Amino acid sequence: MSFANLGLNPSLLKTIESSGYTTPTAVQVAAIPAALAGHDLLVSSHTGSGKTAAFLLPSLQRISAASSKPGKGPRVLVLTPTRELAQQVEKAAWTYGAEMNRLRTAVLVGGSPYALQLKKLKDPVDIVVATPGRLMDHMESGRIDFSRLEVLVLDEADRMLDMGFIDDIQTIVARTPESRQTLLFSATLDGTVGALARKLTRNPQRIEVATPVQHEARIDQRLLFADNFSHKNKLLDALLRDTELNQALIFTATKRGAEELAESLFEQGFAVDALHGDMQQSKRNRTLQRLRDGRTRVLVATDVAARGIDVAGISHVINFDLPRQAEDYVHRIGRTGRAGRTGSAITLVNHSEKRLVRDIERYTSQTIRIDVIAGLEPTARADKPAPSRRPSFGDKPKKPFAARGNDRFDGARKASPSTGSKPRTGAGAGNGAPWSGGFRSDGPRTNAGPSRRRFSE
């Protein structure tokens, strides 16, 4: 099967060929002809299956003909859970639509200036890629209309629902024309996702693609069991002081957890930054650039913020908090062992979390090796659950974590606005990587999250 057999027009086939693609993936073979025929689609496929091209190629072919309706609103609307994914989708649209005459796109995401987004919306736009929260902001201010909308795409719908976007999605969809074509892509079509899909689509074709789990054989995976929160901190400290560690990416479950862990590691002298969804896009970009430049040795991040990170120097991925979905585990450990290098993926596990470990092992069809660090062995057996409660970051931190509100830590961040990204000075400055502060959430509008201090650079 080739792309030429899918019904795509010559200009799209030309850009596909120039991009180096020769054979369509399973989801593209199933979805592209059905989408070209005008059907609503419910597609179950995992990350890396080629789903972006599966919805962009037929959408681009559809809008290659001029619209019969007046107005400036988008003809294609793509909703994504994160700003990084939104930017990737726009980049793919430009790649596949390179032969189209004056293709106009706009990305509407939190953390980016409103002025630039408003400027793009003043002129007719073909494709809008947006996170639900920022799109709602533009809708409420009357800056966008959907009178010309022909195609609505919900990309990674399950993740958007996990993030609490269901109310925003329903509000957005209610404002779109009933005549639209709806293409919903999700890792699963069960439960809440399936119920939402039935409300949004009309006589959809259901496509389920079993994507083989890709595993990087050059990643050494290990489990370290922790008796309690203090024990987990000691294990992390030992891992970060390993002489073989070049750069580490540490995953936490929450934004607040990322902040507090980064704060503690900074107090201990590590060159560390945090990356999460409450940071402005410009600061996220600077944080990633410091990581690429090697100025940041340890990055503490949430799953949402870490999507799309491709830094060859990351030698270790450490799961400080276990992911709640097995697919996220595969995505996390794939951040190490890049560009032909070897990598280490270490997961710190509470004894009460063994079910999550079993879920990951079933998903990957692999058994993860249980390891210990000399002198830090767990007192409870790894094969016998411990009755103790798992503390969270909401609990009062224990040593070696430093207390919140330390003057030395706060003072290191209090630079004049005119100084820009001023390096840290004094103890804990590491190699000069500055702290990335500032918060602007892409999260659901109905959940403001816990209160927190605002750090400035």
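Residues numbered from 1 in each chain as written. Predicted model: local features only at pLDDT ≥ 70, side-chain atom pairs only at ≥ 80, totals over all residues. Heavy atoms only, no water.

Enquirer: How should I be thinking about the sheet that holds strand β12 (residues 314-319) in this particular structure?
Expert: Paired through backbone hydrogen bonds, the strands of a sheet run either parallel or antiparallel to each other. Sheet architecture is open: 7 strands sit in the order β10-β11-β9-β12-β13-β8-β14, paired in parallel fashion. The open sheet has two edge strands, β10 (272-275) and β14 (369-371), and neither has a second partner. Direction aside, the axes of adjacent strands within the sheet are offset by 25 degrees on average. Helix α11 (residues 255-267) rests against β9 (247-251), β10 and β11 (298-301) of the sheet, and its axis sits at about 175 degrees to β10. Helix α14 (residues 326-333) contacts β8 (219-226), β9, β12 and β13 (343-350) of the sheet and is inclined by roughly 155 degrees relative to β12. (Pairing = 2+ DSSP bridges. Helix = DSSP H or I, 4+ residues; strand = E, 2+ residues; numbered from the N terminus. Axes fitted to C-alpha atoms, helices over the stretch in contact; angles between N-to-C directions. Contact = heavy atoms within 4.5 Å.)

Enquirer: What am I meant to see in the pattern of salt bridges here?
Expert: Tallied over the entire structure, the rule returns 25 salt bridges. The residue R75 makes a salt bridge to E150 at a minimum N-O spacing of 2.7 Å. Of the two residues, R75 sits in the loop between α3 (51-63) and β2 (76-79) while E150 sits in the loop between α6 (132-140) and β5 (151-154), which places them 75 residues apart along the sequence. Residue R75 is classed as buried on the basis of its relative accessible area of 5%. (Salt bridge = Lys/Arg side-chain N within 4 Å of Asp/Glu carboxyl O. Buried < 20%, exposed > 50% of the residue type's maximum accessible area, 1.4 Å probe, protein only.)

Enquirer: Looking at this structure, how should I read a positive patch on the surface?
Expert: Where like charges cluster on the molecular surface, the positive patch consists of K72, K119, K122 and R143. As for its placement among the helices and strands, K72 is situated in the loop between α3 and β2. You can call K72 partly exposed: its relative accessible area is 41%. (Patch = residues over 30% accessible without salt bridge, like charges linked within 9 Å, V, L, I, M, F, W, Y side chains within 5 Å. Areas by Shrake-Rupley, 256 points an atom, 1.4 Å probe, with all protein chains shown as cover. Lys, Arg positive; Asp, Glu negative; His and termini not counted. Charge placed at Lys NZ, Arg CZ, Asp CG, Glu CD.)

Enquirer: How should the confidence of the model for the protein be read in this particular structure?
Expert: As a general rule, the predicted coordinates of low-pLDDT regions are not to be interpreted in detail. For the protein, per-residue confidence averages 81 on the pLDDT scale, and residues scoring 70 or more make up 80% of the total. Every residue in residues 213-217 is under pLDDT 50, and counting partners more than four places away or in other chains gives 7 contacts. Throughout residues 384-457 the model reports pLDDT below 50, and contacts reaching past four residues in sequence, or to other chains, amount to 166 contacts. (pLDDT = per-residue confidence, 0-100.)

Enquirer: Before we go on, may I ask you to explain the nonpolar core in this structure?
Expert: Inside soluble globular proteins, nonpolar side chains tend to come together where they are buried. Within the largest apolar cluster, 39 residues are counted, with the highest numbers of intra-cluster contacts made by L41, F55, L57, L60, I127 and L183. Excluding anything up to four places from it in sequence, I127 contacts L60, I63, V76, A93, L103, R104, T105 and A106. Judged by nonpolar contacts, the second largest core, of 30 residues, contains L42, F146, M160 and F165. (Core = buried A, V, L, I, M, F, W, Y, C linked by side-chain atoms within 4.5 Å.)

Enquirer: Any chance you could explain the side chain of D126 here in plain terms?
Expert: Relative to the helices and strands, D126 resides in the loop between α5 (114-121) and β4 (127-130). In this structure D126 comes out as buried when scored by relative accessible area, which is 7%. Sequence-distant contacts of D126, that is, excluding residues within four places in its chain, are made with I63, P74, R75, V76, R102, L103 and R104.

Enquirer: In this structure, what is going on with the environment of T252? I would like to understand it.
Expert: Position of T252 among the secondary structure elements: in the loop between β9 and α11. The buried category is assigned to T252, whose relative accessible area is 0%. The spatial distance from the C-alpha of T252 to the C-alpha of A301 is 6.2 Å, given a sequence separation of 49 residues. Those residues within four positions of T252 in sequence are excluded, and the remaining contacts are G257, A258, L261, V300, A301, T302, D303, D321 and R332. Here the side chain of T252 touches T254 through a polar contact of 3.1 Å, landing on its backbone oxygen. (Polar contact = N/O pair within 3.5 Å; in protein donor to acceptor, adjacent residues only side chain to side chain.)

Enquirer: So what exactly am I meant to see when it comes to the environment of R362 here?
Expert: Structurally, the position occupied by R362 is in helix α15 (residues 354-364). Separated by 36 residues in sequence, R362 and A326 have C-alpha atoms that sit 8.7 Å apart.

Enquirer: Honestly, the packing of aromatic side chains in this entry has me stumped. Any pointers?
Expert: Using the criterion set out here, one finds 2 aromatic pairs in the structure. Sitting over the face of the ring of Y114, R134 holds its NZ or CZ atom 3.9 Å from the ring centroid. K232 extends its terminal NZ or CZ atom over the ring of F320, reaching a point 5.0 Å from the ring centre. (Phe/Tyr/Trp six-rings, centres within 6.5 Å; stacked < 30°, edge-to-face > 60°. Lys NZ or Arg CZ within 6 Å of the ring centre and 35° of its normal.)

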